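# Structural overview
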Amino acid sequence: MKAVAAGVPSLAPFFDEKSGLGEDAQDVKAQPVRGSLQQGDTPGLYGGSKQPTVCDVDKLKAFLTDPRNDQKAQAWARALGITTGEIPEYLDRLTPVLLRHDTLVKNHDYKKGKAVPYDSLLQAGIAILVDQQGQPAAKCSCGNPLRPFTGDTNRISVKFEDGNKEWKGYDRSSVVAVRPAARALEKIALVDVDDPDRGINRPVGTGGAKDDTFDTRKTEAVPSLAGKTFGEARQALADKGLATGYDTGSMPADGARVTATDPPAGTELRFGQYVMLSVAEGASPRGGSTTSPPPSTPGTSAPGTSAPGSSGSTSKSPSTGPSTSAPSGPSTSTSPSAPTSPSTPVTSPPPAVTSSPPPTTTSAPPPSPPPPETTSAPPVTTSAPPPVTTVAPPPESTGAPPPVSESAPTEPTASVAT
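Note that the structure is predicted; figures quoted are calculated from it, not measured.

## Some remarks on helix α4 (residues 230–239)
Think of an α-helix as 3.6 residues a turn; residues three or four steps apart then line up on the same face. Listed as buried for α4 are Phe230, Gly231, Ala233, Arg234, Leu237 and Ala238. Considered in projection along α4, the buried side chains sweep an arc of 165° and stay on one side of the axis. At its buried positions, α4 is contacted by β2 (37–39), β15 (243–245), β16 (258–262) and β18 (274–279).

## So, the confidence of the model for the chain
Looking at the chain as a whole, its pLDDT mean stands at 76, while 67% of the residues score no less than 70. Low pLDDT, under 50, characterises residues 284–418; the stretch is placed with 124 contacts to residues that sit more than four places away or in other chains.

## Looking at the pairing of strand β4 (residues 95–99)
Among the five residues of β4, five are classified as buried, and the element is accordingly described as predominantly covered. For strand β3 (residues 46–48) and β4, the ladder comprises two bridges, and the chain directions are antiparallel. Residue pairing in the sheet places tyrosine 46 in a bridge with leucine 99 of β4. As judged from the four bridges shared by β4 and strand β7 (residues 127–130), these two strands associate in the antiparallel manner. Looking at β7, one finds that proline 96 is bridged to leucine 129.

## A few points about helix α2 (residues 70–80)
Listed as buried for α2 are Ala73, Ala75, Trp76, Ala77, Ala79 and Leu80. The secondary structure elements touched by the buried residues of α2 are α1 (57–65), α3 (87–92), β5 (103–111), β6 (114–122), β8 (136–139) and β9 (147–148). Of the residues one or two after α2, glycine 81 is the one with positive phi, at around 75°.

## Quick look at the sheet that holds β16
Taken together, three strands build an open sheet; the order of strands is β15-β18-β16 and the sheet is mixed. The sheet terminates laterally at β15 and β16, the two strands that pair on one side only. Each neighbouring strand pair of the sheet contributes to a mean axis angle of 35°, computed without reference to strand direction. The sheet contacts of α4 involve β15, β16 and β18, and relative to β18 the element is tilted by about 165°.

## Description of unusual backbone geometry
Of note, the amide linkage connecting aspartate 262 to proline 263 takes the cis form, showing an omega dihedral of 5°. Relative to the helices and strands, proline 263 resides in the loop between β16 and β17 (268–270). The phi angle at aspartate 27 is positive, at roughly 60°, despite the residue not being glycine. Note on placement: aspartate 27 falls in the loop between β1 (2–4) and β2.

## Some points on the pattern of salt bridges
One pass over the structure, following the stated rule, counts 13 salt bridges. Among the salt bridges present, the one from aspartate 119 reaches lysine 106, with a minimum N-O distance of 3.3 Å. With aspartate 119 in strand β6 and lysine 106 in strand β5, this pair connects stretches of sequence that are 13 residues apart. The partly exposed category is assigned to aspartate 119, whose relative accessible area is 29%. Close ionic contact of lysine 240 with glutamate 220 constitutes a salt bridge, the shortest N to O distance being 3.7 Å. Remark: glutamate 220 occurs in strand β14 (residues 219–221) and lysine 240 occurs in the loop between α4 and β15; sequence separation between them is 20 residues. Note on glutamate 220: relative accessible area 29%, which makes it partly exposed.

## Looking at the nonpolar core
Residues Leu64, Trp76, Ile87, Leu91 and Leu129 are the most contacted members of the largest nonpolar core, which totals 29 residues. Those elements giving two or more residues to this core turn out to be α1, α2, α3, β7 and β8. In terms of residue count, the dominant contributor to this core is α2 (five residues).

## Digging into the sheet that holds strand β13 (residues 212–215)
Ordered by their spatial adjacency, seven strands build an open sheet running β8-β7-β4-β3-β11-β12-β13, and the pairing between neighbours is mixed. Looking at which strands have only one partner, the edges of the open sheet turn out to be β8 and β13. Here the average twist between neighbouring strands, direction ignored, is 50°. Across two bridges, the pairing between β3 and strand β11 (residues 187–192) is parallel. When the bridges of β11 are listed, glycine 47 appears paired with valine 191.

## So, the state of the cysteines
All told, the structure shown has zero disulfides when counted by the stated rule. Unpaired in terms of disulfides, cysteine 142 finds its nearest cysteine sulfur in cysteine 140, a separation of 9.1 Å. Since its relative accessible area comes to 0%, cysteine 142 is described here as buried.

## Some words on the environment of aspartate 254
Along the chain, aspartate 254 falls in the loop between β15 and β16. C-alpha of aspartate 254 to C-alpha of phenylalanine 230: the two residues are 24 residues apart in sequence and 4.8 Å apart in space.

## Digging into the packing of aromatic side chains
A full pass over the atoms with the stated rule returns nine aromatic pairs. Measuring from centroid to centroid gives 6.0 Å for phenylalanine 14 and phenylalanine 15, while their planes differ by 55°, and the two rings are tilted. Of the two residues, phenylalanine 14 and phenylalanine 15, both sit in the buried class. By way of ring pairs, the aromatic residues Phe14, Phe15, Phe63 and Tyr110 are connected into one cluster.

## Overview of the environment of threonine 244
With respect to the helices and strands, threonine 244 occurs in strand β15. For threonine 244, the residues in contact, after removing those within four places along its chain, are Arg34, Gln38, Phe230, Arg234, Leu237, Tyr274, Val275 and Leu277.

## What about the side chain of lysine 61?
Tracing the backbone through its elements, the reader meets lysine 61 in helix α1. A polar contact of 2.5 Å, which involves the side chain of lysine 61, links it to the side chain of aspartate 92. Apart from residues no more than four positions distant in its own chain, lysine 61 is found in contact with Pro88, Leu91 and Asp92.

What counts, and at which threshold
Residues numbered from 1 in each chain as written. Predicted model: local features only at pLDDT ≥ 70, side-chain atom pairs only at ≥ 80, totals over all residues. Heavy atoms only, no water. Buried < 20%, exposed > 50% of the residue type's maximum accessible area, 1.4 Å probe, protein only. Helix = DSSP H or I, 4+ residues; strand = E, 2+ residues; numbered from the N terminus. Arc of directions from axis to C-beta. Contact = heavy atoms within 4.5 Å. pLDDT = per-residue confidence, 0-100. Pairing = 2+ DSSP bridges. Axes fitted to C-alpha atoms, helices over the stretch in contact; angles between N-to-C directions. Salt bridge = Lys/Arg side-chain N within 4 Å of Asp/Glu carboxyl O. Core = buried A, V, L, I, M, F, W, Y, C linked by side-chain atoms within 4.5 Å. Disulfide = S-S within 2.5 Å. Phe/Tyr/Trp six-rings, centres within 6.5 Å; stacked < 30°, edge-to-face > 60°. Polar contact = N/O pair within 3.5 Å; in protein donor to acceptor, adjacent residues only side chain to side chain.

Written as structure tokens, this is what we have:
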């Protein structure tokens, strides 16, 4: 992960950074985030300035459509998944903004006639172009194409080199990656990086000439979101100018049910402030791997059973004894699974029954007085490692290590803890 500081020229740019394509803003302090993945329409995600000429889209278009630059144009278009003929129309839909967060992207250098991708962290204050869904598309100062960062935002190692010294205020917890908004935007709500009380409504595809301003100090009440899906709640907050936060490792799935908000409904917040959403367990987080639903006990899969304090974490929710000691994940919670049962009765049952319970009156397994119907099933459940057993030991058992099978299984759910 290569750091790219504001105002530091690229070593292998697509275009000469002295050509006036764009200019970064200096000394922009990265804002804290409440969730490392954010949608492109998150209120206050991007910034603006009273000096709107942070990126000269017309100059970039003229360069890319010049026949003399055809090789660069082909590499540039290929990196963005378009054709060279689509470049003018594509650029007309882009909007210049300033980063308010240190932002993860897939950047591209121009080397030997090709666009060479690499993951990078762009410092707050860097000028970029974003598409209709708020997704970073190009770095203004050098024109390098940008694509979404697809790695794990919680596992990054940033290298500060090639003149990109670690910037003041760098905080890994303030790093964000951007996902496209669920719908195309008509305008992007920005915050003036020099005056946070001033908001800027910038129509998509314009460079600042049609901006409208608004007061970011005006407050909106947090709506009642309990029971809504995460996707519905996020959109409701965006419509009110509020940002969506979460404290799970990955962004919750859009279908996850919201159980609580922090602050609670009715609280007045100013533009761009975060509302933390807690979601019910059982829904897979977006962009994260979760293996907890399969091995979880039946009672934990119901969406409404999680406590609000869980904040939507879908990994390893409240587990009982059997789930914590099982070494093999999903196969431990369901005893009917055939693959593991044949191996256990051959090894442990015979010696366990004949040697360990001499003090009891039922030491001889064959002639034991208890009903014979349970003598065939116990061997499947007597293996020591997994505590998931299907046979009930006698209530009056004195706690002998191996489970004794002489009593009638009146309570199949009880098991001997070893």
